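Structural features, examined
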Amino acid sequence: EGIDLDKVVENFGGDIQAALLLYEKFVKNYQNIDKDIKNLQDDSKEFEQYIHKLKGVSGNLQIKNVFDLAKQIHDEHNYSFRDELIKATQDLCEKIKTTLIPLIETKQIDTKELKELIISMIKDLENYEYIKTATITKLINGLKDSIDHDQIEILQQGFYESDNDLLVEKLNSILENL
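Overview of the structure. (Residues numbered from 1 in each chain as written. Predicted model: local features only at pLDDT ≥ 70, side-chain atom pairs only at ≥ 80, totals over all residues. Heavy atoms only, no water.)

So, the side chain of Gln17
Following the sequence through the fold, Gln17 ends up in helix 2 (residues 16–30). For Gln17, a relative accessible area of 14% corresponds to the buried category. Of note is the side chain of Gln17, whose polar atom sits 3.2 Å from the backbone oxygen of Leu103. In this structure, Gln17 is in contact with Leu103, Ile104 and Glu105, ignoring residues within four places of it in sequence. (Helix = DSSP H or I, 4+ residues; strand = E, 2+ residues; numbered from the N terminus. Buried < 20%, exposed > 50% of the residue type's maximum accessible area, 1.4 Å probe, protein only. Polar contact = N/O pair within 3.5 Å; in protein donor to acceptor, adjacent residues only side chain to side chain. Contact = heavy atoms within 4.5 Å.)

See the structure below:
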């Protein structure tokens, strides 16, 4: 309800796992919207940037209610929708947590498959090839039992920042220790 998941999956060429991962990221980024914008003034640049980003993300993820409210605030400068936007976003995050996130595949992969995945990913990173979100998630999930949480965080940050050199270095190091 409130999300056109079919359209999002269609935009991802039928890759439902990639779409689900974006909803998971939405929850991570916006479940604490109340705390994120609590101390921001309506007319501040930070507030405007936050609402602009939320509007764009919710539009891309076909989250109509949140998009419409963010649009009212951002485009029309109608700040009276602020509390409604916070509640709608938090309610939607809870709904995503209970309905969509459990559908994300988290099966473990064996060491041989993990090594092959890392080798392939290093090659793609060195050639600046596009790497699907689902592939990154498969790697991260596969490594959770093999490396410590801090290393996982470094990899995730590297992917977020597209820091190919860091990623190649870290993945080579992980590969040597598998």
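Now that the structure is up, let's keep going.
Focus on the pattern of salt bridges
Under the defined criterion, the tally for this structure stands at eight salt bridges. Across the salt bridge formed by Glu94 and Lys97, the nearest N and O atoms sit 3.0 Å from each other. In this pair, Glu94 and Lys97 both sit in helix 6 (residues 82–99), three residues apart, roughly one turn of the helix. Given the relative accessible area of 33%, Lys97 is considered partly exposed. One salt bridge in this structure joins Lys138 and Glu113, with 2.9 Å as the shortest N-O distance. (Salt bridge = Lys/Arg side-chain N within 4 Å of Asp/Glu carboxyl O.)

Interpretation in functional terms is not warranted from these geometric data alone.
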